[in-house]
Structures are given as structure tokens and as C-alpha cells.
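Observations on the three-dimensional arrangement
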Amino acid sequence: MSAPTLVEGVGMHPFGRFEGKSAVAMGAEALLEALADAELAWRDVDLLICAHMYARTGAGHRVAAILGQTGIPIINIENACSSGGAAVFTARHALSSGEYRRVAVVGIEKMPRGFMDMDYFDSWRRDIGHAVNPAQFAFAIRRHMHDFGTTERQLALVAEKNHAHSVHNPKAMYQQPITADEVLASRAVVDPLRLLMLCTPNEGAAAAVLSAGPARPGQVTIVGQGLRTARRSQAIGEHMPTASPVTPDEPVTARAAAEAYAQAGLGPEDLDVVELQDTDSGTEIISTEHLGLCAPGEGGALVESGDTRIGGRLPVNPSGGLLSKGEPVGASALGHVYEIANQLRGRCGARQVEGSRTGLTHALGAGGNCSVMILQRS
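Residues numbered from 1 in each chain as written. Predicted model: local features only at pLDDT ≥ 70, side-chain atom pairs only at ≥ 80, totals over all residues. Heavy atoms only, no water.

**Focus on the overall build of the protein**
Along the backbone of the protein there are twelve helices and eleven strands. Along the longest, intermediate and shortest principal axes, the C-alpha atoms of the protein span 55 × 45 × 40 Å. Within the protein, the fraction of its 378 residues that count as buried is 59%. For the protein, the share of sequence-separated contacts (at least 6 apart) that also reach a separation of at least 24 residues comes to 75%. Here the protein has roughly 14100 Å² of accessible surface; of this, 52% comes from carbon and sulfur atoms. (Helix = DSSP H or I, 4+ residues; strand = E, 2+ residues; numbered from the N terminus. Buried < 20%, exposed > 50% of the residue type's maximum accessible area, 1.4 Å probe, protein only. Contact = heavy atoms within 4.5 Å. Areas by Shrake-Rupley, 256 points an atom, 1.4 Å probe, with all protein chains shown as cover.)

**Re the state of the cysteines**
Inspection of every chain in the model, using the stated rule, returns zero disulfides. Between cysteine 81, a cysteine without a disulfide, and cysteine 199, which holds the nearest cysteine sulfur, the sulfur-to-sulfur distance is 7.7 Å. Look at cysteine 81 and you get buried, because its relative accessible area is 5%. (Disulfide = S-S within 2.5 Å.)

**Thoughts on the packing of helix α5 (residues 133-148) against helix α9 (residues 281-290)**
Packed helices, taken two at a time, are described by the angle between their axes plus the distance between the axes. Taken N-terminus to C-terminus, the directions of α5 and α9 make an angle of 60°; their axes are 9 Å apart at the nearest point. As far as their axial angle goes, α9 and α5 are oblique. Crossing handedness for the pair α5 and α9: left-handed. Residues Phe137, Ala140, Ile141 and His144 of α5 form the contact with α9, whose participating residues are Gly282, Thr283, Ile285, Ile286 and Glu289. Within the contact of α5 with α9, the residues separate by chemical class into five nonpolar, three polar and one charged. (Axes fitted to C-alpha atoms, helices over the stretch in contact; angles between N-to-C directions. Parallel < 35°, antiparallel > 145°, perpendicular 65-115°, else oblique. Left-handed = near helix turned anticlockwise from the far one by under 90°. Nonpolar A, V, L, I, M, F, W, Y, C, P; charged D, E, K, R; others polar.)

**Overview of α5**
In this model, α5 (16 residues) spans 23 Å end to end at C-alpha, consistent with the 22 Å of a helix rising 1.5 Å per residue. Taken as a whole, α5 has its buried residues at Asn133, Pro134, Ala135, Gln136, Phe137, Ala138, Ile141, His144 and Met145. Buried residues in α5 make contact with α6 (152-166), β5 (188-190), β6 (193-194) and α9. One or two steps after α5, the chain reaches glycine 149, where phi turns positive at roughly 80°. (Expected span 1.5 Å × (residues − 1).)

**Here we look at the sheet that holds strand β8 (residues 220-228)**
Read across the open sheet, the nine strands follow the order β3-β2-β4-β7-β1-β8-β11-β10-β9; overall the sheet is mixed. Every other strand in the sheet has two partners, leaving β3 (74-77) and β9 (273-275) as the edge strands with one partner each. Pairwise comparison of adjacent strand axes, ignoring direction, gives a mean angle of 20° for this sheet. When β8 meets strand β11 (residues 369-377), the two strands line up antiparallel, connected through eight bridges. (Pairing = 2+ DSSP bridges.)

**Examining the side chain of threonine 221**
The residue threonine 221 is located in strand β8 in this model. Beyond its immediate sequence surroundings of up to four residues, threonine 221 is in contact with Pro4, Thr5, Leu6, Val7, Ala215, Ile374, Leu375 and Gln376.

**Quick notes on the environment of glycine 98**
Looking at the secondary structure, you find glycine 98 in the loop between α3 (83-96) and β4 (102-110). Residues glycine 98 and leucine 227, spaced 129 residues apart in sequence, show a C-alpha to C-alpha distance of 21 Å.

**Some words on the pattern of salt bridges**
Under the criterion given, the structure shown has 17 salt bridges. Where arginine 309 meets glutamate 160, a salt bridge forms, and the shortest distance between an N and an O atom there is 2.7 Å. With arginine 309 in the loop between α10 (299-305) and α11 (321-325) and glutamate 160 in helix α6, the pair connects residues that are 149 residues apart, well separated along the chain. A relative accessible area of 28% means that arginine 309 is categorised as partly exposed. You can call glutamate 160 buried: its relative accessible area is 19%. Counted as one network, the salt bridges with shared partners bring together Arg17, Lys110 and Glu203. (Salt bridge = Lys/Arg side-chain N within 4 Å of Asp/Glu carboxyl O.)

**Here we look at unusual backbone geometry**
With an omega of 5°, the peptide bond between aspartate 191 and proline 192 qualifies as cis. Examined against the element boundaries, proline 192 turns out to sit in the loop between β5 and β6. Positive phi, normally seen in glycine, also occurs at glutamate 39, with a value near 60°. The residue glutamate 39 is located in the loop between α1 (23-38) and β2 (47-51) in this model.

**Topic: the packing of α6 against α9**
Close contact between α6 and α9 brings their axes to 8 Å; oriented N to C, the two are set at 95°. Here α6 lies roughly perpendicular to α9, going by the angle between them. Together, Gln154, Leu155, Val158, Ala159, Lys161 and Asn162 of α6 and Ser281, Gly282, Glu284 and Ile285 of α9 make up the contact between the two elements. Residue classes in the contact of α6 with α9 are distributed as four nonpolar, four polar and two charged.

**Notes on the nonpolar core**
Note that soluble globular proteins tend to have their nonpolar side chains buried in a common cluster. In terms of nonpolar packing, the biggest core is built from 33 residues, with Val7, Ile49, Val105, Leu210 and Leu375 touching the most fellow members. Only β1 (5-16), β2, α3, β4, β7 (203-212), β8, α12 (329-345) and β11 provide two or more residues apiece to this core. With seven residues, α12 is the largest single contributor of residues to this core. If we skip the residues at most four places from it in the chain, leucine 375 touches Val7, Val220, Thr221, Ile222, Val337, Ile340, Ala341, Leu344, Arg357, Thr358, Gly359 and Thr361. (Core = buried A, V, L, I, M, F, W, Y, C linked by side-chain atoms within 4.5 Å.)

**What to know about the side chain of histidine 13**
Residue placement: histidine 13 occurs in strand β1. Here lysine 21 takes part through its side chain, which lies 3.1 Å from a polar atom of the side chain of histidine 13. Those residues within four positions of histidine 13 in sequence are excluded, and the remaining contacts are Phe18, Lys21, Met26, Glu29, Ala30, Gly204 and Ala205. (Polar contact = N/O pair within 3.5 Å; in protein donor to acceptor, adjacent residues only side chain to side chain.)

Structural data, given as C-alpha cells:
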């Protein structure tokens, strides 16, 4: 990018369940909060990009109808759990073209209750339960346990940590602490994952107002982003290929992270805070390795060490993560941006990671869609 992408404002509708409120209404609220944060009006926006998965046709257009039909271009994007990352990617390239001064991105969702049963997968996989998200997560972490000795208690400690963080996040669905023993006592869903090791599909929205130009002192900017998909040869995971080689390909998260680090001119050692995909406890452990936060096989030991807690060496998911917030898939990646931008501005109160200047967001979804962003305060 010829100029940094400035994060002028962020907004977020709480994640949870909101009977009688539509996804587009939640999106309008999040976007209005982002505009107020940026001290801008809706008429100052030149392009709107809406990320969603379940909100049907013209979701972004329906958000705009609430705020005012100003006639600007509107793009709707679906990229599974990384839909919000794809929306930011599109916004950044639109800004770099010089044709747009300010771009608003909003992610919205109103998820069905229960397991996600996505039509992305072949019907035979859906029929036998192979395409239900907990099954995919269990395949990945069971292999990790086999290869590296990762334990069920380490999985439970991920949930304990993230719920401890969520106590101080008023926009999270769950705001109560839980212990590792309570996690291990919760009912089994798919071995080795238990109920409290899994996030809840739910409802919510998040938004950001982006622009291009020189950063002011204290301005939060997106200094790098990788957007990648899994190659067909990659071993079994979110993208679920039919064939899986004995020797896995380089993980899609590692490839997206490498691109983001290269653009930013930074490495994992430069990070102060991270928000990453924790649809389940195992995905957090595996993702810390693929993002370079620790060596391969050491993700379980990393969470056990306490380094990823607030006050530790590198806090991960200070918002409480998806395990506590729940995951409205179209909004989750922009929820990460909301948290990291506010962490870098020092606005997070009791869950603030002190001295944060550089943060990373990570979203991973069906189809092997992965977005990694690095944000920095100037």
C-alpha cells in the first residue's frame, strides 16, 4: 500500500442473542458508533462494505437504508468467519486506488441456534456429521495431541483464561469466570472437546471507518494484512479437503501471517496484544503456533505458562475471545479490529494490556479463508 490505512473510528454492537432485533439494525448501531468515534457523519463515507454470511440479499444496502440512502457504492462480502477480514482487505485496496477518501466496513450476523450446518460442504459430509464445526476442530486438535502431547487440561486452561478476561468486557455474551475443572466437567461434545471449550454461534455487529493518508500522533493504522486460502494439498482443517497428505502443507494461517509481517516490517516478537480465532480451545492453541507466537508443538505449554493472560508476556484474546463473546461469523473479524484498536488507544479499562502499541488480529473460516492484520499506534 502506498499509504497507511488509518482506523479513524470503531464501533461494536454487543454479541449475544437479541430477540426482535435484525442483523441490519445491529449493523447500523455499530456503524453509527464507529462514525461517532471518528467524529464523522454518514455523509462523509464514500463507500460501504458489508460482511455477512446469513443476512441474505443486499444486507449492506439495508444498513444504508437505515442511515440514509446517499447513493454511494455498496459491496456485500461473504468469506465465512473471515468475512470481516475480506471486507477490510477490499476497503484498503479501494483506498489505495485514490478514488475513495473514507470507507466504512461493517460486519453483521444473526446466526441460527445450534451447530453451524453450512452448505459449503458436500452433502455426504453433512449427512455423516463430518461437516459440523466441532468435528473439524476435534480432528485438528486430536492430531496435535498425538504429535505434541497437548493435554485436555491445557485445552481447559484456554477457556479459563478467556472467560477470566471476559469479566471486564460488557460487550461479551458471557461475562462470568469459569475454572479449568468446570470446563473439564462440562459435557463432551466431540472428543476431546467439551461444551465449554467451544464458542457459541450468536448475533452481533462490528464496524470501522477507514481512510488513507499520513498518520497523526496516536493514530491507529493497519500496517500489514495477509489474506490467504488453504491450498488443496493442506492437511485436514477448516477447509476440509477430500485428500490429506501424510506431510501437511504450510498452514494457511502461517502464510497469511508471513504476508502481514512482511508488509508491516515486523515480526511476532514485536507484538503487544493478539486477538485470534478461538472458535474452540484447540484452535487457539494451534493458531498461536501458526502465528509464530511460539514454536510448533508449544501452544499448550504457552497457555499453561500464563504468558497469554492479561499481565503476561503476550496477552491473547483480552476481549474474552469468541469463547466468551460468541461468534456472529460476519462480525467476528471486525470485532477483533474493534478490540485491538481500543487496546492500542488505551481504552479497555480493567482488561487493558498496558503499553500496547502493536497488535494482531486473526480470523480463520470455512474454505480455508484466513485474514491476519497488524495494527499499530503511531
